[in-house]
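# Summary of the model geometry
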Amino acid sequence: MKDLISMYIVMALMVLVNLISEFVLNGEYAAVASWIVVVLFFFGTLFFINARYVLFKNKDGR
């Protein structure tokens, strides 16, 4: 459950970075925001991989 919540937080941060970039900063730092979104996507992928590992580990009964 912790991984699911972490993935949701990462997704919300990705949307927040895009909204701040476009509406608050008027798109002036769109390239920086894109790199931040890429890093957040990487962290979300790590949470997903960890969640799959924990799920299958518990399923095997080890």
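Below or above, wherever it landed, is the structure these notes cover. (Residues numbered from 1 in each chain as written. Predicted model: local features only at pLDDT ≥ 70, side-chain atom pairs only at ≥ 80, totals over all residues. Heavy atoms only, no water.)

## With respect to the overall build of the protein chain
Each helix and strand in the protein chain was counted, giving two helices and zero strands. Taking 11 Å as the expected radius of gyration for a compact globule of 62 residues, we find that the protein chain reaches 15 Å, considerably beyond that expectation. Considering the protein chain as a whole, with its 62 residues, one finds that 16% of them fall into the buried category. By element, 72% of the accessible surface of the protein chain is carried by carbon and sulfur atoms, the whole surface being about 5,300 Å². Side chains of the protein chain carry 5 positive and 4 negative charges; the gap between the two charge centres is 21 Å. (Helix = DSSP H or I, 4+ residues; strand = E, 2+ residues; numbered from the N terminus. Rg over C-alpha atoms; globule rule 2.2 N^0.38 Å. Buried < 20%, exposed > 50% of the residue type's maximum accessible area, 1.4 Å probe, protein only. Areas by Shrake-Rupley, 256 points an atom, 1.4 Å probe, with all protein chains shown as cover. Lys, Arg positive; Asp, Glu negative; His and termini not counted. Charge placed at Lys NZ, Arg CZ, Asp CG, Glu CD.)

## Observations regarding the nonpolar core
Within the largest apolar cluster, six residues are counted, these being Val10, Met14, Val17, Ala33, Val37 and Leu40. Secondary structure elements with two or more residues in this core: helix H1 (2-24) and helix H2 (30-60). Beyond its immediate chain neighbours, meaning those up to four positions away, Ala33 contacts Val17 and Ser21. (Core = buried A, V, L, I, M, F, W, Y, C linked by side-chain atoms within 4.5 Å. Contact = heavy atoms within 4.5 Å.)

## Points about the side chain of Ser21
Its location among the elements puts Ser21 in helix H1. Take Ser21: its relative accessible area is 4%, and that puts it in the buried class. Not counting residues within four places of it along the chain, the set of residues in contact with Ser21 comprises Asn26, Gly27, Tyr29, Ala30 and Ala33.

## Concerning the environment of Leu25
Of note, Leu25 is situated in the loop between H1 and H2. Taking the C-alpha atoms as reference points, Leu25 and Asn58, 33 residues apart in sequence, are found 45 Å from one another.

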